[in-house]
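# A look at the structure
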Amino acid sequence: MGKRDTLGLILTLLSAAAVLIALGMVFLYAPREATMGDVQRIFYFHVASAWVGFFAFFVTFLAGIAYLARGGRRWDILALSSVEVGLTFITMAVVTGSLWARPVWGTYWTWEPRLTISALQLLIYLAYGMLRGAIESPERRARFAAVYGIVAFVTVPLSWFAIRWWRTIHPDILTGGEGMAITPRMVHTLLVSLAAFTLMYVTLLRARIRLERAADAVYRLRMEISQGS
């Protein structure tokens, strides 16, 4: 029997509790938006998912720099794990954004600057996994993936500043301008949603790292068995 992962269990329970609290605030505490109505409640999940996806890619960016500077399998594992978890949240952001756009814009998708960059970002980070699978040497794979993860991060600031640099139908709701007016209760709900999704990211990231380390241990055991036979 393996050692019980107490910290993992605690993180899982905390994440579940935080998400339930966020859900309660989204549907019971946050006011109904005057213009868009109840469909605006998707906003809290959309923004929180996008934030966590961006943060995950930032972690990969930092882990890539650390690997190139210091080496070490742990940085490669962190970069890989954070990309995979980040892709999950960015996909959630794209899906929730499309569901929000349909009643507001009249279409699920339009190739405006922000959405175009989001689509490219999703494809670029999917290609990260394909790159890793195409290189057999562990050292070369980690080095190439580190460089790729650093360069790919440029899509994050591009996505963030797209609605400020170009004319776009995507609202700049957090800094004023077009879009809905944020009330104090909306801000409170958004902050709780951000905290809940961030805690969920930490929980999933830790689980993914443990899984990759277990895979490494199995690989080493197989190599020892094959060499001893």
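Structure shown above.
Residues numbered from 1 in each chain as written. Predicted model: local features only at pLDDT ≥ 70, side-chain atom pairs only at ≥ 80, totals over all residues. Heavy atoms only, no water.

It is worth spelling out the packing of helix 4 (residues 113-134) against helix 5 (residues 138-152) at this point. Contact geometry of helix 4 with helix 5 gives a least axis separation of 10 Å together with a crossing angle of 170°. Between helix 4 and helix 5, the angle falls in the class roughly antiparallel. Seen from helix 4, the contacting residues are I124, Y125, A127, Y128, L131 and R132; seen from helix 5, they are R141, F144, A145, Y148, G149 and A152. Residues of the contact of helix 4 with helix 5, tallied by class, amount to nine nonpolar, one polar and two charged. (Axes fitted to C-alpha atoms, helices over the stretch in contact; angles between N-to-C directions. Helix = DSSP H or I, 4+ residues; strand = E, 2+ residues; numbered from the N terminus. Parallel < 35°, antiparallel > 145°, perpendicular 65-115°, else oblique. Contact = heavy atoms within 4.5 Å. Nonpolar A, V, L, I, M, F, W, Y, C, P; charged D, E, K, R; others polar.)

Our next topic: a nonpolar patch on the surface. Residues L20, L23, F27 and L28 make up a contiguous nonpolar surface patch of about 450 Å² in total accessible area. Position of L20 relative to the elements: it lies in helix 1 (residues 6-29). Residue L20 is classed as exposed on the basis of its relative accessible area of 58%. (Patch = residues over 30% accessible without salt bridge, like charges linked within 9 Å, V, L, I, M, F, W, Y side chains within 5 Å. Areas by Shrake-Rupley, 256 points an atom, 1.4 Å probe, with all protein chains shown as cover. Salt bridge = Lys/Arg side-chain N within 4 Å of Asp/Glu carboxyl O. Buried < 20%, exposed > 50% of the residue type's maximum accessible area, 1.4 Å probe, protein only.)

With respect to the helices, strands and loops of the structure, I65 is situated in helix 2 (residues 42-70). Considering only alpha carbons, one finds I65 and A146, 81 residues apart in sequence, at a separation of 6.9 Å.

Bringing the packing of aromatic side chains into the picture now. Tallied over the entire structure, the rule returns 13 aromatic pairs. Centre to centre, the rings of F43 and W100 are 5.9 Å apart; their planes meet at 65°, and the pair counts as edge-to-face. Remark: W100 occurs in helix 3 (residues 73-105) and F43 occurs in helix 2; sequence separation between them is 57 residues. A single burial state applies to F43 and to W100, both of which are buried. Centroid distance F58 to F61: 6.2 Å. Interplanar angle 20°. Geometry classified as stacked. In this pair, F58 and F61 both sit in helix 2, three residues apart, roughly one turn of the helix. Judged by relative accessible area, F58 falls into the partly exposed class, the value being 31%. (Phe/Tyr/Trp six-rings, centres within 6.5 Å; stacked < 30°, edge-to-face > 60°.)

Since one α-helical turn is 3.6 residues long, residues separated by three or four positions face the same way. Its 33 residues place the ends of helix 3 46 Å apart at the C-alpha level, agreeing with the 48 Å of an ideal helix rising 1.5 Å per residue. Phi turns positive one or two residues past the end of helix 3, at G106, with a value near 85°. (Expected span 1.5 Å × (residues − 1).)

A few words on the side chain of T203. Looking at the secondary structure, you find T203 in helix 7 (residues 184-228). In this structure T203 comes out as buried when scored by relative accessible area, which is 13%. A polar contact of 2.7 Å, which involves the side chain of T203, links it to the side chain of S15. If we skip the residues at most four places from it in the chain, T203 touches L11, T12 and S15. (Polar contact = N/O pair within 3.5 Å; in protein donor to acceptor, adjacent residues only side chain to side chain.)

Another aspect to go through is empty space enclosed by the protein. Tallying each qualifying case throughout the model produces one cavity of 30 Å³ or more. Its boundaries defined by the atoms lining it, the largest cavity holds a volume of some 40 Å³. Surrounding the largest cavity, A63, G64, Y67, W75, D76, A79, Y128, R132, A142, A145 and A146 form its lining. Among the secondary structure elements, those contributing two or more residues to the lining of the largest cavity are helix 2, helix 3, helix 4 and helix 5. Classifying every residue of the lining of the largest cavity gives eight nonpolar, one polar and two charged. (1 Å grid on protein atoms, 1.4 Å probe; cavity = no way out; pocket = protein on both sides within 12 Å on 5 of 7 lines; lining within 4 Å. Points joined across faces, edges and corners; volume = space filled by probe spheres on them.)

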